[in-house]
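Survey of secondary and tertiary structure
Single-letter residue listing:
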Amino acid sequence: MHIRILISACIIYVFVAACNSSKKHRSHVKNADPQPCTFTNPVGKGQDPWVIKHHDYYYFIESRNGGIYISRNKKLTNIKKHEKKIWTPPSHGWNQANIWAPELHFVHGKWYIYYAAAPKAGSPFIHQRSGVLQSASKNPFGKWKNKGQLYTGNDIQDRTNNIWAIDLTVANIHHQLYAIWSGWRKNRDTDHTQQNLYIAKMKNPWTISSNRVKISSPTASWEQGPQLNLEEGPEVLKHKNKVFIIYSTQDSWLKTYKLGQLKLAGPKANPMDPSNWVKSGPVFKGTKKVYGVGHASFTTSPDGAQHWIVYHTKADSTPGWDRRIEMKKFSWNKNGAPDFGTPPAPGETLKVPSGQCK
């Protein structure tokens, strides 16, 4: 009898202890953060990252495997997930190959994609021109209409002799829609050609309506060489009453790729006047552990309280285009200009954008 009582007591004790342990475990799980509040760079493979925040979602677009892909996520650090191929180039024509650096914009109630392409694949990359696609609905994952090639030359009346253009972006400045891109002074038979930044007015999201104006050339020492002088990947960044163009410069395939800045002289300054753009830089560059920082886009945190820069870096220091997508929070200087700081090292623990972790 005593043995049975002792065994029963032991069983009860073990059961109670197990229950208490289970309660403690459940309590720990309940109080634990249900989602990670930190992340590390890189957030994925890829290049020329373009992120746009629309309502509660972040949309990410990129070119890959001969097509254009879009993904959507409520978390900025998960922008590469749930992607869908939304456009395949035609089998013939000016835009059948070399699909580069697409951007997704929401203009006048519709989605538009701006991209560069060529009639033949591979190098020399001397045939690149800029084109635009228009969404058939308000859903960027639906069908797209080809609105054709944009005119980026010097004869807007006859629209003849279109000139090499890549990385075209659009922006509304002083209630006027503008196109801004990287281009050549004239077409050449070598892609070892200096790239400048140009601007032109637009009549609508698929029609340039003025001759281009060159607003910047790679004349600063930090923009030049060692192999090619270039300015590319221009992106408009606005803050309060100030307008900036953040662009990439120096050789894109080298570890010295970096960001420069143009600032519009004043809130009423004419963007078509080159003298109204003030250059400074570099404003964001690599470190001993981060290589080839460039081609950025900009957005805000889910709650709108923070500003974030999304950019690509090189996987290593050797020449080439094996690149990764990274991001970080940035701030603003007292003079109203962006302060991008220093790119964090790969694997460094960072806090996710405010409002993302609940």
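This text gives an overview of the structure that appears in the document.

The rules behind these values
- Residues numbered from 1 in each chain as written.
- Predicted model: local features only at pLDDT ≥ 70, side-chain atom pairs only at ≥ 80, totals over all residues.
- Heavy atoms only, no water.
- Helix = DSSP H or I, 4+ residues; strand = E, 2+ residues; numbered from the N terminus.
- Contact = heavy atoms within 4.5 Å.
- Polar contact = N/O pair within 3.5 Å; in protein donor to acceptor, adjacent residues only side chain to side chain.
- Pairing = 2+ DSSP bridges.
- Axes fitted to C-alpha atoms, helices over the stretch in contact; angles between N-to-C directions.
- Buried < 20%, exposed > 50% of the residue type's maximum accessible area, 1.4 Å probe, protein only.
- Disulfide = S-S within 2.5 Å.
- Salt bridge = Lys/Arg side-chain N within 4 Å of Asp/Glu carboxyl O.

Here we come to the environment of Asn154. For Asn154, the location among the structural elements is in the loop between β10 (144-149) and β11 (165-173). The spacing of Asn154 and Lys186 is 32 residues in sequence and 9.5 Å in space, taken between C-alpha atoms. If sequence neighbours within four positions are ignored, Asn154 has contacts with Ile163, Arg185, Asn211 and Arg212. Reaching out from Asn154, the side chain makes a polar contact with the side chain of Arg212 at a distance of 2.8 Å.

Our next topic: the sheet that holds strand β19 (residues 277-284). The sheet built from four strands is open, its strands ordered β16-β17-β18-β19 with antiparallel pairing. Either end of the sheet is taken by a strand with one partner, and the two such strands are β16 (231-239) and β19. Within this sheet the neighbouring strands show an average axis-to-axis angle of 25°, counted without direction. The pairing of strand β18 (residues 258-264) with β19 spans five bridges and is classified as antiparallel. Looking at β19, one finds that Leu262 is bridged to Lys279.

In this section: the pairing of strand β5 (residues 67-73). Of all seven residues in β5, six are buried, a share of seventy percent or more. In this sheet, β5 lies alongside strand β4 (residues 57-64) in antiparallel orientation, the contact comprising seven bridges. For Ser63, the partnering residue across the bridge sits in β5 and is Ile68.

All right, on to the state of the cysteines then. Per the counting criterion, the structure on display carries one disulfide. There is a disulfide in this structure between Cys37 and Cys357, and the S-S distance comes to 1.7 Å. Highlighted residues: Cys37 in the loop between α1 (2-31) and β1 (38-40) and Cys357 in the segment after β24 (349-351), separated in sequence by 320 residues. Classification of Cys37 as partly exposed rests on a relative accessible area of 27%. We classify Cys357 as partly exposed; its relative accessible area is 22%.

Turning our eyes to something else, we now look at the pattern of salt bridges. Any two side chains of opposite charge can pair, given that their charged atoms come close. With the rule as written, the count across this model stands at six salt bridges. For the salt bridge of Glu223 with Lys279, the shortest nitrogen-to-oxygen distance reads 2.8 Å. Separated by 56 residues along the polypeptide, Glu223 in the loop between β15 (213-216) and β16 and Lys279 in strand β19 bring together distant segments of the chain. Overall, Glu223 belongs to the buried group, its relative accessible area being 0%. Between Lys279 and Glu231 there is a salt bridge; the shortest N-O distance is 3.1 Å. On the criterion of sequence distance, the pair formed by Lys279 in strand β19 and Glu231 in strand β16 is long-range, its members being 48 residues apart. It is possible to trace a salt-bridge network through shared partners that takes in Glu62, Arg64, Lys80 and Glu83.

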